[in-house]
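Observations on the three-dimensional arrangement
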Amino acid sequence: MSLDLSPVDFMVDYLERAFPTRQMRVFTDDTGTPRSEPMTDDHGNPVYNPHAEAARARLIEHICALPPIASALDGLLEHFGHDHVAEVTGRTKRLVSTGGGAQKLESRSTRSSQADAAAFMAGTKRVLVFSDAGGTGRSYHASLDVVNQEQRVHFLLEPGWRADRAIQGLGRTHRTHQASSPLFRPVTTDCKGELRFTSTIARRLDSLGALTRGQRQTGGQNLFDPADNLESEYACAALTSWFHLLVNGRLQSVSFTEFEVLTGLELTDKDGILKEDLPPIQRWLNRLLALPIDLQNRIFDEFLTLVETRVTAARDAGRLDVGVETMLVDDATILEDTVLRTDPLSGATSHLLTIEVARRRTPVSLERILRIADGDDKSEFLINGKSGKVALQVQARSLMEEKDGTPIPRVELMRPTRREYQRVADMFETAWKPISREEFSKRWAAEAEEAAQTLERETIRIATGLLLPIWSALPSDHLIVNRIATADGRSWLGRMVYDEHVAHLYTKLGVDRADNLPADQIAKSVLSGRSVDLVRPFAMTLKRAIVNGKPRIELVGVPAAQLPWLKSRGAFTEIIQFRTRVFLPVADAEAILGRLTDRT
């Protein structure tokens, strides 16, 4: 006995009632506008189009001849076998294969779901499928108290309309007291309209904050790229640019008139000028879901290109807020601890820590990179003619000029321990060149092995402690918050501070340490646009000045009597608007600063 639980009967019933078979008559109204109306015969009976009726009959015949398509749940059970899959859902009956193509109807109860969940946590069933009904009040993480402590790979399938339920489901496999954190894998098709749902989940993950450990990173867990959140400030700004390009006829996906007709969104006023009150991105996304799949994909490709352009610009400028990023290191040693501020009431302190960290990179294996190459027909094996390093070149999402809509093609270079993006036009000026698969595999394996065995050391600075009172003094162009965690359980949480920020930070907080900094750090800080106050050899301020379109390092507040001494140390003067100004040559700034502060 074979049971067919597919919705074919509903589809046939829908086609019989809703398929357009009525013959229409075209006429012209009083204004000269062509219109149509259903046609009737001389006796008032409706007239049907025989070609449309034949087309409906052929479609029904084809649908009834198709084999039933199993649901995602039944497909998983059929593929892996009911004895290997733990099902924790709310359904009370299911079809079970008995061999030879036969099936039987099996009843399930709450106790059946509990037994399956226990079997998964005990490791006797390796696959778990749970729904909203099966996720309430349960935990499926790699708990240290259960037998099955293997890392979970959580596939998010059919997230639905409610992001809070999807987030709740993600939290079932990510808990405290676990052997390892899960890998989240959202599953979508090539229909770009599904991004509407995953975007909502990404937005909610960013706004909900911590799921378990009290830090923003646990909300998103880097599950989504910032460009995946289609309701972020970058996406909203990109949509405004998309509207302008559409009205100006700069897009290739759809014309302005066609878009208005298909979506019903009015973007211009009666004078043809773009409205100030444009449709919000939520309404725009919902209207796109009603468009044909191919048109959806073309529009989304152009829109996501604009989003990626803005996110990339924010990332390059250091303004992209990605929350707290955890830096896992093998060892960390505090080299210097400078107190930046002490609160007069509570006594709480703010510190600038100089930490030397040592960590091993986790390189991409050769097997994985070859699978990526085989799955992309446009991938290419490259080698750098100067360094001898190899990389896999794959297609990356293009950028777009927001003024005229010109696409900027990019490629992604995947290397054993990192990845980087290059514009296609810039690749011709680099030392990358093609290499054979065999030579690539040999060199990649060698680089990956070397990276896995090498303990890299670097010195970083992090502002920690009571940060709110000094937040405005910290660099505003690098909003990076890191948690440095060592293998032995030590951790530090704070804002990253780079070399060019240190001198300016000391100056703003009144810390008498700028004079003791290396000359190269002072020069970097000044050339990056941050002023630095020095008290030795006398009180003065170093800042960047633009003269004749070129940057200079200017010394402000210099006593007139000290001009000959400064000039003897390498500085030079220039009278600009009847005022003598003192500058340092940019090329020799570090050496001169060393001499000015009694460094040789």
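It should be noted that the structure appears before, not after, this text.
Note on numbering: residues in each chain are counted from 1, in written sequence order. Confidence filtering applies because this is a predicted model: local features only for residues at pLDDT of at least 70, side-chain atom pairs given and counted only at 80 or more, and all residues used for totals across whole chains, interfaces and linings. Side-chain calculation: all heavy atoms of the structure are included, whereas hydrogens and water are not.

1. Observations regarding the overall build of the protein
A helix here means a DSSP run of H or I that spans at least four residues, while a strand means a run of E at least two residues long, and both kinds are numbered starting from the N terminus. Helices and strands together make up the secondary structure of the protein, namely 19 helices and 24 strands. Per-residue burial over the protein gives 39% buried out of 600 residues. Partitioning the contacts of the protein with sequence separation of at least 6, the portion at a separation of at least 24 is 59%. To measure how exposed things are, a 1.4 Å probe is used in the Shrake-Rupley method; for residues, cover is taken only from the protein chains shown. Summing over all exposed atoms, the protein offers an accessible surface of approximately 33,800 Å²; the carbon and sulfur share of this is 51%. Burial classes follow relative accessibility: with a 1.4 Å probe on protein chains only, a residue under 20% of its type's maximum area counts as buried, one over 50% as exposed, and anything between as partly exposed. For this analysis, residues touch if any pair of their heavy atoms sits within 4.5 Å.

2. Considerations on the sheet that holds strand S15 (residues 419-423)
Here, a strand pair is defined by DSSP locating no fewer than two bridges between the strands. Across the sheet, which stays open at both edges, the five strands sit in the order S15-S14-S13-S12-S16 with antiparallel pairing between neighbours. Every interior strand has two partners, whereas the edge strands, S15 and strand S16 (432-434), have only one. Direction aside, neighbouring strands of the sheet carry axes that sit 45° apart on average. As judged from the five bridges shared by strand S14 (residues 407-414) and S15, these two strands associate in the antiparallel manner. Within S15, the residue paired with Leu413 across the bridge is Glu420. Its contacts with the sheet put helix H13 (residues 366-374) on strand S12 (380-384), strand S13 (390-400) and S14, and the angle it makes with S13 is roughly 50°. Here, axes are lines fitted to C-alpha atoms. For helices the fit covers the stretch in contact, and angles between N-to-C directions go from 0 to 180 degrees.

3. Thoughts on a nonpolar patch on the surface
Each patch is assembled from residues with relative accessible area greater than 30% and no salt bridge, linking like charges that lie within 9 Å and nonpolar side chains (Val, Leu, Ile, Met, Phe, Trp, Tyr) that lie within 5 Å. Salt bridge criterion: a side-chain nitrogen from Lys or Arg within 4 Å of a carboxyl oxygen from Asp or Glu. On the surface, Val153, Phe155, Leu157, Leu183 and Val187 cluster together into a nonpolar patch covering about 410 Å² of accessible area. Within the secondary structure layout, Val153 lies in strand S7 (residues 153-156).

4. Remarks on the pattern of salt bridges
The tally for this structure, following the rule as stated, stands at 27 salt bridges. The partner of Glu439 in a salt bridge is Arg443, and the shortest N-O contact between them spans 2.9 Å. Here Arg443 and Glu439 lie together in helix H15 (residues 437-453), a separation of four residues that amounts to about one turn. Since its relative accessible area comes to 31%, Arg443 is described here as partly exposed. Bridged by salt links that share partners, the residues Asp74, Glu87, Arg91, Arg94 and Glu106 form one connected network.

5. Details of the environment of Ser107
Inspection of the secondary structure puts Ser107 in strand S5 (residues 102-107). We classify Ser107 as exposed; its relative accessible area is 55%. Spatially, the C-alpha atoms of Ser107 and Arg94 are 6.6 Å apart, while their sequence positions differ by 13 residues. The contact partners of Ser107, leaving out residues within four places of it in the chain, are Thr92 and Lys93. Of the polar contacts made by the side chain of Ser107, one reaches the side chain of Lys93; its length is 3.3 Å. Here a polar contact is taken to be a pair of N or O atoms separated by no more than 3.5 Å, where protein atoms must pair a possible hydrogen donor with a possible acceptor and residues adjacent in sequence count only if both atoms sit in side chains.

6. Description of the nonpolar core
For this analysis, a nonpolar core means a set of buried residues of the types Ala, Val, Leu, Ile, Met, Phe, Trp, Tyr and Cys, connected via side-chain atoms within 4.5 Å. Leu542 and Leu555 are the most contacted members of the largest nonpolar core, which has 34 residues in total. For this core, the secondary structure elements donating two or more residues are helix H16 (499-509), helix H17 (519-527), strand S20 (532-534), strand S21 (540-547), strand S22 (550-556), strand S24 (580-584) and helix H19 (589-596). Residues in contact with Leu542, not counting those within four places in the same chain, are Ile522, Val526, Arg530, Ser531, Val532, Leu534, Ile553, Glu554, Leu555 and Leu593. Ranked by size, the runner-up nonpolar core spans 32 residues in total, among them Phe256, Ile281, Leu291 and Ile299.

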